[in-house]
Amino acid sequence: FRATFHSFIILVGQIRKIKITPLDAWSFTILIALFLNPYQALGISFQLSYLLSGLFILMSNQDWIQKLTAFLQNGLFSLMSTLASLPILAYHFFEFSWITIFTNILFIPFFTYIFFPALLILFCVSPLIASTFLFSLLNDLLAAIIILLEKGLTLFNKTFDFSFVIGRLPILVTLFFIWCIFKILSNIENKKWPSFISVGGLFFSLFFYQISPVGYVLVLDVGQGDSILIKEPITGKVTMIDTGGEVSWGTEEAWQKRDQNYSIGSQTIAPSLKSLGISRVDCLYITHADTDHCGEIQSLGNCLPIKKIVATKATFKYEMIQKQIQTLKNTKLQIIKPPSVVEYPTKNTLAI
């Protein structure tokens, strides 16, 4: 919608011989979109689409940027788009993948100058060679490239963790975060080095939860069952007691089955922890082997690394727990004898 109406407004201006700048067309497109549906302004796709397109329009008018090589332009725009999108990603997803700054430098030229032109040429000549072996070969080759890229990126992302958890920042910190990014982008636009205050404020906002000395105890809403989060003050050590879990009763009929299975660990607990800037669980205590207390070990561990799991020997012997633990990597197991009283922190106790 944005790209089509933007081009349409520019084209109407050329036909009517009215001077309409790209920024004017961008502004008109926003007004039309919000007139049709004001609520789409709350959607992340709307926010990112118009934010980044507006940024590129403003920056592309700079003479010194136009004189850069295509490689440097791609790198600069990738860096600026990442910076501009940080507050939105922090609010909606609580994290971002820093590797995109570098992957865009490779993928933007590839898709712009190789893949999309190849698709366009193949489409244009398809009426002439659609039934030939050459067309099938080229079509299969382009399809194979897309599949190979997708599988390669999926494997690469599973092997290495490039995500950085920011958390959902408090309103005042968010406003300061946006101001710092605005100042940095303004300095780049004017071909100036960013100030120490704006760069320092950027890193302060990114690491706000990591450097915060505040500790807390939270009881997470997992429905039936328990899941308690403890973050130590100063040290920031994160401890969890149980993970909750969904208990199924009887056999579900066809109409009761969901198209996509809901997971408390990945869709409730992990986002709750990431919203607080938590990127790992230092210690997970499993009190007993009921599903509503330990049924989300695997799903939680797939989203956040769990350094250590503590439970009794009898608890670890349950097949349900063994299956979940086997899928976790670099997680240590600690067996304790019941009944045990764990001092956490110094003057408080936890009985298992």
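Above: the structure in question.
Residues numbered from 1 in each chain as written. Predicted model: local features only at pLDDT ≥ 70, side-chain atom pairs only at ≥ 80, totals over all residues. Heavy atoms only, no water.

### A short note on the sheet that holds strand β3 (residues 216–219)
1) Next: Spatially, the 6 strands line up as an open sheet ordered β3-β4-β5-β6-β7-β8, and their pairing is mixed. A single partner strand is all that each edge strand has here, and the edge strands are β3 and β8 (332–336). Mean inter-strand twist for the sheet, computed between neighbouring axes without regard to direction, equals 20 degrees.
2) Next: In this structure, β3 lies alongside strand β4 (residues 228–231), joined through 4 bridges in antiparallel fashion. Bridge pairing in β4 links L218 to L229. (Pairing = 2+ DSSP bridges. Helix = DSSP H or I, 4+ residues; strand = E, 2+ residues; numbered from the N terminus. Axes fitted to C-alpha atoms, helices over the stretch in contact; angles between N-to-C directions.)

### A short note on a nonpolar patch on the surface
1) Next: Together, F176, W179, F196, I197, F203, F204, F207 and I211 make up an exposed nonpolar region whose accessible area comes to about 860 Å².
2) Next: Those elements that place two or more of their residues in the nonpolar patch are α8 (171–189) and α9 (196–206). (Patch = residues over 30% accessible without salt bridge, like charges linked within 9 Å, V, L, I, M, F, W, Y side chains within 5 Å. Areas by Shrake-Rupley, 256 points an atom, 1.4 Å probe, with all protein chains shown as cover. Salt bridge = Lys/Arg side-chain N within 4 Å of Asp/Glu carboxyl O.)

### Some details on unusual backbone geometry
1) Next: The residue K17 is not glycine, and still its phi comes out positive at about 60 degrees.
2) Next: Mapped onto the fold, K17 is located in the loop between α1 (2–15) and α2 (22–36).
3) Next: One non-glycine residue with positive phi stands out, namely D242, at about 70 degrees.
4) Next: For D242, the position within the fold is in the loop between β5 (238–241) and α11 (264–275).

### A word on the packing of α1 against α2
1) Next: Put simply, α1 and α2 touch, their axes get as near as 9 Å, and they point 125 degrees apart. Considering their axes alone, α1 and α2 lie oblique with respect to each other. In this structure, the crossing between α1 and α2 has a hand that is right-handed. Between α1 and α2, the contacting residues are R2, F5, H6, I9 and I10 on the first element and P22, A25, W26, F28, T29 and I32 on the second.
2) Next: Considering only residue class, the contact of α1 with α2 consists of 8 nonpolar, 2 polar and 1 charged. (Parallel < 35°, antiparallel > 145°, perpendicular 65-115°, else oblique. Left-handed = near helix turned anticlockwise from the far one by under 90°. Contact = heavy atoms within 4.5 Å. Nonpolar A, V, L, I, M, F, W, Y, C, P; charged D, E, K, R; others polar.)

### With respect to the pattern of salt bridges
1) Next: In this structure the tally under the stated criterion is 4 salt bridges.
2) Next: Two residues, K307 and D282, come together in a salt bridge whose shortest N-O distance is 3.5 Å. Of this pair, K307 sits in the loop between α13 (297–303) and β7 (308–312) while D282 sits in the loop between α11 and β6 (283–285), and the two are 25 residues apart along the sequence.
3) Next: Between E319 and K323 there is a salt bridge, with the nearest N and O atoms lying 3.2 Å from each other. Separated by 4 residues within a single helix, E319 and K323 lie in helix α15 (residues 319–326), roughly one turn from each other. As far as the burial class goes, E319 and K323 line up, both exposed. (Buried < 20%, exposed > 50% of the residue type's maximum accessible area, 1.4 Å probe, protein only.)

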